[in-house]
Amino acid sequence: MVEAVRDAGVVVTGAGGGIGAALARRFAAEGARVVVNDLDAGRAKAVAEEIGAIALPGDASAIVTEAREALGGTVDVYCANAGVASAGGDADVPLDEQAWAASWDVNVMAHVRAAHELLPGWLERGSGRFVSTVSAAGLLTMIGAAPYSVTKHGTYAFAEWLSLTYRHRGVKVHAICPQGVRTDMLDATGSAGDFVLRSTAIAPEVVAEALFKGIEEDRFLILPHPEVAKFYQARAADPDRWLTNMNRLQQKWEAGR
């Protein structure tokens with residue numbers, strides 16, 4: 001058992017399936033009191049009933065107050081997991097303003113809104129934990145998915161800013177950056193996801209396990225795919241070489257479509 005989360009009040013957004021459901025199940029198994037949030041009320045209720053949690057369907061960016069009340073007044077851990085993946089941005093896909101706006105709102109601004117509501121209480125008592133489901137795309141990029149790649153960079157940047165700004169005041173931040181995970185979101189990525197991510201995709205439960213190991217070790221960056229660290233280092237060490245290699249991957253994907 002991880003003592004840091006035993007009896008903690010935990011909110012997991014986008015927890016009707018995939019990574020969110022795996023996180024909710026793991027927190028509940030560790031003795032936390034869990035609020036399961038999802039836009040799909042039926043899925044939220046099903047997961048909540050399975051693990052003895054509280055279902056709170058609705059927009060992830062507007063549930064903090066209600067979740068706090070449901071947990072008896074305090075949210076100790078907030079898992080900003082809800083996200084959207086929209087393809088677009090290459091020559092074959094027209095500009096979709098709605099896709100960009102939705103990606104920005106859910107992948108970035110929902111995190112900002114939640115932190116805005118949570119931070120005053122956390123700073124007053126000197127403790128709180130913000131878990132951000134980013135993606136390796138937030139450290140690297142993803143072919144064929146400009147809105148997702150760009151906004152996930154923003155997701156990571158905001159988590160990083162939270163950590164550097166408030167860690168000395170007791171706020172713990174974790175950024176989870178997996179590559180492919182066997183979820184509905186991966187299925188929705190189409191040929192690009194199949195080409196780049198499918199062969200190394202992991203189960204959502206592996207992501208949850210990586211997070212809990214990171215909590216025990218008090219680490220900010222959580223890499224369920226350890227090889228992402230090498231890719232990230234290569235990108236920083238020689239950006240042009242890295243971009244050339246990524247462009248070759250792009251060309252192979254285009255040739256195979």
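All values reported here derive from a predicted model rather than from experimental measurement.

Give a description of the environment of leucine 23 that names residues and reports values.
In this structure, leucine 23 sits in helix H1 (residues 18-29). Sequence-wise, leucine 23 and aspartate 218 are 195 residues apart; in three dimensions their C-alpha atoms are separated by 17 Å.

Let's hear about H1: which residues, and what values?
For H1, built from twelve residues, the straight-helix expectation of 16 Å at 1.5 Å per residue is met to within 8% by its first-to-last C-alpha distance of 17 Å. On its buried side, H1 packs onto strand S1 (9-12), strand S2 (33-36), helix H2 (41-51), strand S4 (77-80), strand S5 (128-133) and helix H8 (204-217). With its phi angle positive at about 95°, glycine 31 sits one or two positions after the end of H1.

Pulling in residues and values, what's your account of the pairing of S4?
Side chains of S4 alternate between two faces, with Val77 and Cys79 and Tyr78 and Ala80 buried alike. The pairing of S1 with S4 spans three bridges and is parallel. Across the sheet, the residue bridging to valine 12 is cysteine 79, located in S4.

Outline the sheet that holds S4, listing residues and values.
Sheet architecture is open: seven strands sit in the order S3-S2-S1-S4-S5-S6-S7, paired in parallel fashion. The open sheet is flanked by strand S3 (54-55) and strand S7 (221-222), the only strands paired with a single partner. Seen against the sheet, helix H4 (residues 97-125) touches S4, S5 and strand S6 (171-176) and runs at an angle of roughly 165° to S5. Strands in contact with helix H5 (residues 146-166) are S5, S6 and S7; relative to S6, the strand with the most contacts, it is inclined by about 155°.

Can you explain the packing of aromatic side chains? Please cite residues and give values.
Summed over all chains, the structure comprises five aromatic pairs. Here the aromatic rings of tyrosine 78 and phenylalanine 130 are separated by 5.8 Å at their centres, their planes lie at 25°, and the arrangement is stacked. One end of the pair, tyrosine 78, is in strand S4; the other, phenylalanine 130, is in strand S5, with 52 residues separating them in the sequence. Per residue, the accessibility class of tyrosine 78 equals that of phenylalanine 130, and both read buried.

Could you give an account of the packing of H1 against H2, with specific residues and numbers?
The interhelical angle for the contact between H1 and H2, taken along N-to-C directions, is 20°, at an axis separation of 10 Å. In terms of axis orientation, H1 runs roughly parallel to H2. Relative to H2, H1 is oriented so that their crossing is right-handed. Two secondary-structure elements touch here, H1 through Ala21, Ala24, Arg25 and Ala28 and H2 through Val47, Glu50 and Ile51. In terms of residue class, the contact of H1 with H2 is built from five nonpolar, no polar and two charged.

Talk me through the pairing of S5; I want residue IDs and the actual numbers.
A large share of S5 lies buried, amounting to six of its six residues. Crossover S5 to S6 through H5 is right-handed.

Can you break down the nonpolar core residue by residue, with the values?
By size, the foremost hydrophobic cluster in this structure holds 42 residues, and its most contacted members are Val11, Tyr78, Leu118, Leu119, Phe130 and Leu162. Those residues in contact with leucine 162, other than ones at most four positions away along the chain, are Ala115, Leu119, Phe130, Arg167 and Val173. Listed in part, the 33 residues of the second largest apolar core include Val5, Ala15, Val36 and Val207.

So what's going on with unusual backbone geometry? Which residues, and what values?
Positive phi is not limited to glycine here, since aspartate 7 has a value of about 65°. As for its placement among the helices and strands, aspartate 7 is situated in the segment before S1. For serine 135, which is not glycine, the phi dihedral falls at a positive 145°. Within the element layout of this structure, serine 135 appears in the loop between S5 and H5.

Can you tell me about the side chain of histidine 225, naming the residues and giving the values?
Mapped onto the fold, histidine 225 is located in the loop between S7 and helix H9 (228-237). Engagement of the side chain of histidine 225 in a polar contact is seen with the backbone oxygen of threonine 200, the distance being 2.9 Å. Every residue in contact with histidine 225, bar those within four places of it in the chain, is listed here: Pro178, Gln179, Gly180, Thr200 and Ile202.

Parameters at a glance
- Residues numbered from 1 in each chain as written.
- Predicted model: local features only at pLDDT ≥ 70, side-chain atom pairs only at ≥ 80, totals over all residues.
- Heavy atoms only, no water.
- Helix = DSSP H or I, 4+ residues; strand = E, 2+ residues; numbered from the N terminus.
- Expected span 1.5 Å × (residues − 1).
- Contact = heavy atoms within 4.5 Å.
- Buried < 20%, exposed > 50% of the residue type's maximum accessible area, 1.4 Å probe, protein only.
- Pairing = 2+ DSSP bridges.
- Axes fitted to C-alpha atoms, helices over the stretch in contact; angles between N-to-C directions.
- Phe/Tyr/Trp six-rings, centres within 6.5 Å; stacked < 30°, edge-to-face > 60°.
- Parallel < 35°, antiparallel > 145°, perpendicular 65-115°, else oblique.
- Left-handed = near helix turned anticlockwise from the far one by under 90°.
- Nonpolar A, V, L, I, M, F, W, Y, C, P; charged D, E, K, R; others polar.
- Right-handed = clockwise from strand over helix to strand, strands pointing away.
- Core = buried A, V, L, I, M, F, W, Y, C linked by side-chain atoms within 4.5 Å.
- Polar contact = N/O pair within 3.5 Å; in protein donor to acceptor, adjacent residues only side chain to side chain.

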